[in-house]
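# Structure assessment
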Amino acid sequence: MAALEEEDKEPEAPTFSWMPADCVPMADGEYDAIVLHVDRNQYYGADSASLNLSNLFAKFNGGKQPEDRFFEILGQNRDYNIDLIPKCIMACGKLVKILLHTKVTRYLEFKSLDASYVYRSGKVYKVPATGGEALSSSLLGLFEKRRFRQFLVYLQGYDKDKPETHKGKDLTVMTMQQLYDYFSLEKLTQEFVGHAMALQTDDSYLSKPALPTVMAIHLYVYSLDRYGTSPYIYPMYGLGGLPEGFSRLCAIHGGTFMLNRSVDEVLFGADGKAWGIKGGNEVAKAPLILGDPSYFAKHGKCACTGKVARSICFLNHPIPNTNNAESLQIIIPAAQLKRKNDIYIVLVSNSHQVAAPGKYVAICSTTAETADPIKELQPALALLGPIMTKFDDCVELYEPTADGTADNCFISKSFDATSHFESSSADVLSLYKRITGADLDLNINADSTKGDY
């Protein structure tokens, strides 16, 4: 972890005095500018935390601790930082810009993933993202390689602010399907471009203007060009470093963190606006409250939008047919399995300091479509080879029913099944605008600050 700069040495955390339960809301303007972060868990990150073996086993076994044989097979606690919800970070995407803007990168160290793959007809193929890769890829036929290369050349030369690069095409009107058809791309090529490069979650994008999808492909290729192996980066020691980094930044500016502290209810005034939280017989007051849906569901502030199935698998080998990659992402497009939703696989290992040497953690996820969600992951599990042990989970997805401006409750969406942070980053930016009334300034070039991570 990067050392703190001298002027940012962390002060002792200020003490926070909880108030009696029978207190009344403070008058407007009497709040101090301070952040109180309360978490019912004993670790940072809540549902997206990075856990050691003991905590992971306890989470999926009602608090029970594993037997010694469990450690004999997998290794020691100190060797593992297992992400409950793994998500890759696009190297030049929104989350990186948020981290650079807030300077949280000073507390983190990143490493690129080895590769990005896509599934087709029972096999996995490296995603080609350049003309050279297209010509050498076994994913494409001879004539399709040439057509795909022409498609990439057009996209790489396209600049939305320079009409001379548009070649007579108005991508704000022309649909993505029409753009594919112009280059005579086959359906299977459209499939991996849309889902494995543009990261679309369904095929509704085909009938929409092409520009957003083209810009998403630009981001993919731009991020790939940064490292040359894949467009994704991942924090050393797991994603749990992200909330820890933000907590350190918060503490520097006077914020207070309370882990292992329950929040029994959100308190509302007669006007319907939230003014505080209650835990046990203690109350904390605040002019606005942020949280994930689990803290607000009982107050009718969230709606269930579906379920997501996840399986955390421990392997003693890389995933077969991936050139022994120690970290990667695989996307299984929904159409390949006659589904509505894609299936995702993220593999991490000791190369990112999240598993013992020689051990691998593969996490599969998808949006549930049947009454047996874990069974829906079987096509992904079949790609992994022999599995040492695994932990299955199926959770409901929620999103807020209002934007928070009327009741002071600013609620995030649940983490979806995608294996990347693009949708979650968009949700964070939406929260920021709803709270402040302005967009977060992301006019920062990731290339200009590459040394920060």
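Bear in mind the structure is a predicted one, so any value in this text is a computation, not a measurement. Think of each chain on its own: its residues are numbered from 1, step by step along the sequence as written. Owing to the predicted nature of the model, reporting of local features is limited to residues with pLDDT of at least 70; listing and counting of side-chain atom pairs is limited to 80 or more, with chain, interface and lining totals taken over all residues. Remark: hydrogens and water are excluded; side-chain values derive from all non-hydrogen atoms of the structure.

## Notes on the confidence of the model for the chain
A score between 0 and 100, pLDDT records how confident the predictor is in each residue. Looking at the chain as a whole, the pLDDT averages 87, with 90% of positions reaching at least 70. Only heavy atoms enter the contact rule, under which two residues are in contact if any of them lie within 4.5 Å. Within the model, the stretch residues 1-32 combines pLDDT values under 50 with 52 contacts to residues more than four positions away or in other chains.

## As for the pattern of salt bridges
Salt bridges are defined as contacts in which a side-chain nitrogen from Lys or Arg sits within 4 Å of a carboxyl oxygen from Asp or Glu. For the structure on display, the rule yields 10 salt bridges. Two residues, R147 and E144, come together in a salt bridge whose shortest N-O distance is 2.8 Å. Within this pair, R147 and its partner E144 are both found in helix α5 (residues 142-157), separated by three residues, close to a single helical turn. A salt bridge links K160 to D161, with the nearest nitrogen and oxygen atoms 3.7 Å apart. Residues participating in the shared-partner salt-bridge network are E144, R147 and E186. Numbering of helices and strands starts at the N terminus; helices are DSSP runs of H or I of at least 4 residues and strands are runs of E of at least 2.

## Overview of helix α9 (residues 241-252)
Helical geometry: 3.6 residues make up each α-helical turn, so side chains three or four residues apart lie on a common side. Every helix has an expected span of 1.5 Å times one less than the residues it contains. Between its terminal C-alpha atoms α9 stretches 17 Å, which fits the 16 Å expected from 12 residues at 1.5 Å a residue. Elements in contact with the buried residues of α9: β5 (89-90), α3 (94-102), β9 (232-235) and β10 (256-258). G254 sits one or two residues past α9 and shows a positive phi near 95°.

## Structural notes on the pairing of strand β18 (residues 360-367)
Accessible area is worked out with a 1.4 Å probe on protein chains only. A residue is then buried under 20% of its type maximum, exposed over 50%, and partly exposed in between. Counting buried residues along β18, seven of its eight residues qualify, which places the element largely inside the surrounding structure. In this structure, strand β15 (residues 302-315) lies alongside β18, joined through eight bridges in antiparallel fashion. Looking at the pairing, L315 lines up with Y360 of β18. For strand β17 (residues 343-349) and β18, the ladder comprises seven bridges, and the chain directions are antiparallel. Within the sheet, the bridge partner assigned to V348 lies in β18 and is V361. Note on pairing: two strands pair once DSSP finds at least 2 bridges between them.

## Here we look at the sheet that holds β15
As summarised here, the arrangement of the seven strands in space is β8-β7-β16-β17-β18-β15-β19, forming an open sheet in which the pairing is mixed. At either end of the open sheet lies a strand with only one pairing partner, and these are β8 (123-126) and β19 (389-400). If you compare each strand with its neighbour and ignore which way they point, the axes differ by 25° on average. Here five bridges tie strand β16 (residues 328-332) to β17, and the two strands are oriented antiparallel to one another. Residue pairing for β17: Q329 is matched across the bridge by V346. For helices, the fitted axis covers only the stretch in contact; all axes are lines through C-alpha atoms, and the angles between them, taken along N-to-C directions, range from 0 to 180 degrees. Taken strand by strand, helix α7 (residues 187-197) contacts β7 (115-120) and β16, and its axis lies near 140° from that of β7.

## Re the sheet that holds β9
Sheet architecture is open: three strands sit in the order β5-β9-β6, paired in antiparallel fashion. One side of each edge strand has no neighbouring strand; the edge strands of this open sheet are β5 and β6 (110-112). Where β5 and β9 come together, two bridges link them in antiparallel fashion. Considered in β9, the bridge of I89 is made with I233.

## Quick look at the pairing of β7
In the case of a regular strand, side chains alternate between the two sheet surfaces. When you tally the buried positions in β7, you get six out of six residues, the bulk of the element. Of the two faces of β7, both are covered, the one formed by A115, Y117 and Y119 as well as the one formed by S116, V118 and R120. Two strands pair when backbone bridges link them, and β7 and β16 are joined in this way by four bridges, in the parallel orientation. Opposite A115, over in β16, you have L328 as the bridge partner. Strand direction decides the pairing type here: β7 and β8, joined by four bridges, are antiparallel.

## Things to note about unusual backbone geometry
The backbone of S121 sits at a positive phi, close to 50°, despite the residue not being glycine. Mapped onto the secondary structure, S121 falls in the loop between β7 and β8. For K338, which is not glycine, the phi dihedral falls at a positive 55°. Following the sequence through the fold, K338 ends up in the loop between β16 and β17. K338 sits in the exposed class, given a relative accessible area of 79%.

## Focus on the side chain of S223
Looking at the secondary structure, you find S223 in helix α8 (residues 211-227). Judged by its relative accessible area of 0%, S223 is buried. Other than its neighbours up to four places away in sequence, S223 contacts M90, A91, C92, S230 and P231.

## Quick notes on the nonpolar core
If you look at the biggest cluster of nonpolar residues, it comprises 80 residues, and the most contacted ones within it are F148, F151, L179, M197 and F314. Not counting chain neighbours up to four residues away, the residues in contact with F314 comprise L53, L56, L74, Y80, I82, Y360, V361, I387, M388, T389 and F391. By size, the runner-up hydrophobic cluster in this structure holds 23 residues, among which are V124, C313, I345 and L377. Put simply, buried Ala, Val, Leu, Ile, Met, Phe, Trp, Tyr and Cys residues joined by side-chain atoms within 4.5 Å make one nonpolar core.

## Concerning the environment of Y119
Its place among the elements puts Y119 in strand β7. With relative accessibility at 11%, the residue Y119 sits in the buried group. As a C-alpha pair, Y119 and L139 span 20 residues in sequence and 9.7 Å in three-dimensional space. With residues up to four places along the chain from it excluded, the contact list for Y119 reads V124, I331, I332, P333, Q336, L337 and L383. Within the structure, the side chain of Y119 is placed 3.3 Å from the backbone nitrogen of G122, a separation counted as a polar contact. Identification of polar contacts relies on pairs of N or O atoms within 3.5 Å, with a donor-acceptor requirement for protein atoms, meaning one able to donate a hydrogen and the other able to accept it, and with residues adjacent in sequence counted only if both atoms are side-chain atoms.

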